[in-house]
Amino acid sequence: MKLFIASDIHGSAHWCRKMLDAFEQSGAEKLVILGDILYHGPRNRLPEEYDPQQVIAMLNPLKDRILCVRGNCDTEVDQMVLDFPVLADYCWVYADGCKLFLTHGHRFNPQQLPPLSNGDFLLNGHTHVPVIKDMGDYTYVNCGSIAMPKENSSHSYIIFENGQFRLMSLE
């Protein structure tokens, strides 16, 4: 199974459009969004071409191909306008013989681990900094941010295929 994993769109129509172009070109079966879809958050500057309504219009037609978890900037109001579930704090995905724990990162992260088993993968966004790191008992994967990267990282996402994670850039 090929997954396109992204996070932290924060209402940027510009970067959402670029993400969806890359998603279509990737041939991935599912678009996994690890939270923070529409709202930019009170601590962040406005992202480029901030337009949550346009982001909604771009994502809703893909509702059958999207798997999403809730970010710290996502609310019940967002669920009222998005046609795919967005309010789960986490989910487990079993793909290519791997067990993936998907979450945003504000509740579960390397400092606050969920119930993982040896060999599991912890995937999140939230920090806006991409990482793929073997932590011994598990592997930590952070896809960074589509719209608002931090620490000089790029507008990034992850491709998961054949049990492997590849860090990709929209730039």
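Now for a description of the structure that goes with this document. Note that the coordinates shown come from a computational prediction; the quantities given were computed from them, not determined experimentally. (Residues numbered from 1 in each chain as written. Predicted model: local features only at pLDDT ≥ 70, side-chain atom pairs only at ≥ 80, totals over all residues. Heavy atoms only, no water.)

### A word on a nonpolar patch on the surface
- Among the surface-exposed residues, Val 77, Met 80 and Val 81 lie close enough to one another that they form a single nonpolar patch of about 310 Å² accessible area.
- In this structure, Val 77 sits in helix α3 (residues 76-81). (Patch = residues over 30% accessible without salt bridge, like charges linked within 9 Å, V, L, I, M, F, W, Y side chains within 5 Å. Areas by Shrake-Rupley, 256 points an atom, 1.4 Å probe, with all protein chains shown as cover. Salt bridge = Lys/Arg side-chain N within 4 Å of Asp/Glu carboxyl O. Helix = DSSP H or I, 4+ residues; strand = E, 2+ residues; numbered from the N terminus.)

### Side note on the sheet that holds strand β2 (residues 30-33)
- Across the sheet, which stays open at both edges, the 5 strands sit in the order β3-β2-β1-β9-β10 with mixed pairing between neighbours. Two strands lie at the open edges of the sheet, namely β3 (66-68) and β10 (164-169), each paired on one side alone. Averaged over all neighbouring strand pairs, the angle between strand axes comes to 25 degrees, with direction disregarded.
- When strand β9 (residues 156-161) meets β10, the two strands line up antiparallel, connected through 6 bridges. Following the sheet pairing, Phe 160 is matched in β10 by Phe 165.
- Along the sheet, helix α1 (residues 13-26) contacts β1 (3-6), β2 and β9; its crossing angle with β1, the most-contacted strand, is approximately 160 degrees. (Pairing = 2+ DSSP bridges. Axes fitted to C-alpha atoms, helices over the stretch in contact; angles between N-to-C directions. Contact = heavy atoms within 4.5 Å.)

### Quick word on the pattern of salt bridges
- The full count for this structure, using the stated rule, is 7 salt bridges.
- Here Glu 161 makes a salt bridge to Lys 2, at a shortest N to O gap of 3.9 Å. Taken together, the residues span a long stretch of sequence, with Glu 161 in strand β9 and Lys 2 in the segment before β1 at a distance of 159 residues.

### Focus on the environment of Leu 31
- Residue position: Leu 31 is located in strand β2.
- The exposure class assigned to Leu 31 is buried, which follows from its relative accessible area of 0%.
- With 27 residues separating them in the primary sequence, Leu 31 and Phe 4 have C-alpha atoms 4.9 Å apart. (Buried < 20%, exposed > 50% of the residue type's maximum accessible area, 1.4 Å probe, protein only.)

### Remarks on the sheet that holds strand β5 (residues 98-103)
- On the basis of which strands lie adjacent, the open sheet formed by 5 strands has the order β4-β5-β6-β8-β7 and mixed pairing. Here the strands that pair on one side only, and so sit at the sheet edges, are β4 (90-95) and β7 (130-134). For this sheet, the mean inter-axis angle between neighbouring strands, taken without regard to orientation, is 20 degrees.
- As paired elements, β7 and strand β8 (residues 139-143) share 5 bridges and run antiparallel to each other. Bridged to Lys 133 within β8 is Tyr 140.

### Some details on the packing of aromatic side chains
- Enumeration according to the criterion identifies 8 aromatic pairs in this entry.
- Ring plane angle 15 degrees and centroid distance 4.2 Å describe the contact between Phe 4 and Tyr 157, whose orientation is recorded as stacked. A residue pair is termed long-range when its members are at least 10 positions apart, and Phe 4 in strand β1 and Tyr 157 in strand β9 qualify at 153 residues. Comparing Phe 4 with Tyr 157, the two get one shared label, buried.
- Taken together, a centroid distance of 5.0 Å and an interplanar angle of 15 degrees make the contact between Tyr 90 and Phe 101 stacked. (Phe/Tyr/Trp six-rings, centres within 6.5 Å; stacked < 30°, edge-to-face > 60°.)

### Observations concerning the side chain of His 128
- Following the sequence through the fold, His 128 ends up in the loop between β6 (121-124) and β7.
- Looking at His 128, the relative accessible area reads 3%, which means it is buried.
- Among the polar contacts listed, one links the side chain of His 128 to the side chain of His 10, at a separation of 3.3 Å. (Polar contact = N/O pair within 3.5 Å; in protein donor to acceptor, adjacent residues only side chain to side chain.)

### Regarding the environment of Lys 150
- Here Lys 150 shows up in the loop between β8 and β9.
- Given a relative accessible area of 37%, Lys 150 falls into the partly exposed group.
- With 127 residues separating them in the primary sequence, Lys 150 and Phe 23 have C-alpha atoms 22 Å apart.
- Leaving out residues up to four positions away in the same chain, Lys 150 has contacts with Asn 44, Thr 127, His 128 and Val 129.

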